[in-house]
Amino acid sequence: MDTRTEPTTEPHGDGPTGSPDASDRRFDGPWLAALAATVVAWTLLYAVDSAFLTPETPLGATVGFAHGYLLAPLATATLLLDALSLAERRVADIGVFKWIYALAALPAPPVAVLYYAHREWLKPGDADLLGGP
């Protein structure tokens, strides 16, 4: 199963890579910014949970739930959507590694730093990678 869609006609984009127009893309979005915000929030909540809270208290349970069941899957989803967006725009194809990073990000979202390093290694110096779609 391949997650990339192949156009039925010739690419009609104006970009140098011949990528489809923005209206034809399914995975556009500010995924890298959302991933960074989610990882920072997860790290802060995890640090507060580990250092100051006990799981027996309502606040400890709430913070544990927030970083374990809300922010970790959100970080995983944004990591996958960013990788799919790069592949759809034909900027960089991370391949099977996107799934490895996603599985590793479920218990520990700071793995996204490794994903970002891999992303930059595949396409260094491209200013469009840091911005939006």
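Each value, and the rule that gives it
Residues numbered from 1 in each chain as written. Predicted model: local features only at pLDDT ≥ 70, side-chain atom pairs only at ≥ 80, totals over all residues. Heavy atoms only, no water. Axes fitted to C-alpha atoms, helices over the stretch in contact; angles between N-to-C directions. Helix = DSSP H or I, 4+ residues; strand = E, 2+ residues; numbered from the N terminus. Parallel < 35°, antiparallel > 145°, perpendicular 65-115°, else oblique. Contact = heavy atoms within 4.5 Å. Buried < 20%, exposed > 50% of the residue type's maximum accessible area, 1.4 Å probe, protein only. Polar contact = N/O pair within 3.5 Å; in protein donor to acceptor, adjacent residues only side chain to side chain.

Visitor: Help me understand the packing of helix H2 (residues 58-88) against helix H4 (residues 112-122), please; the structure alone is not making it clear to me.
Guide: Describing two packed helices takes the angle between their axes plus the distance from one axis to the other. Two elements in contact, H2 and H4, have axes separated by 11 Å at closest approach and are oriented at 10°. Judged on the interaxial angle alone, H4 and H2 are roughly parallel. Judged by residue contacts, Leu-79, Asp-82, Ala-83 and Leu-86 of H2 engage Ala-112, Tyr-115 and Arg-119 from H4.

Visitor: Whenever I open this one, unusual backbone geometry confuses me. Can you help?
Guide: Backbone geometry follows two general trends: most residues other than glycine have a negative phi, and most peptide bonds adopt the trans configuration. Despite not being glycine, Arg-90 has its phi angle at roughly 60°, a positive value. Within the fold, Arg-90 resides in the loop between H2 and helix H3 (97-105).

Visitor: So what exactly am I meant to see when it comes to the side chain of Asp-82 here?
Guide: Within the element layout of this structure, Asp-82 appears in helix H2. For Asp-82, a relative accessible area of 3% corresponds to the buried category. Polar contacts involving the side chain of Asp-82 include one to the side chain of Arg-119, which spans 2.8 Å. The residues contacting Asp-82, other than those within four sequence positions of it, are Trp-31, Leu-32, Tyr-115 and Arg-119.

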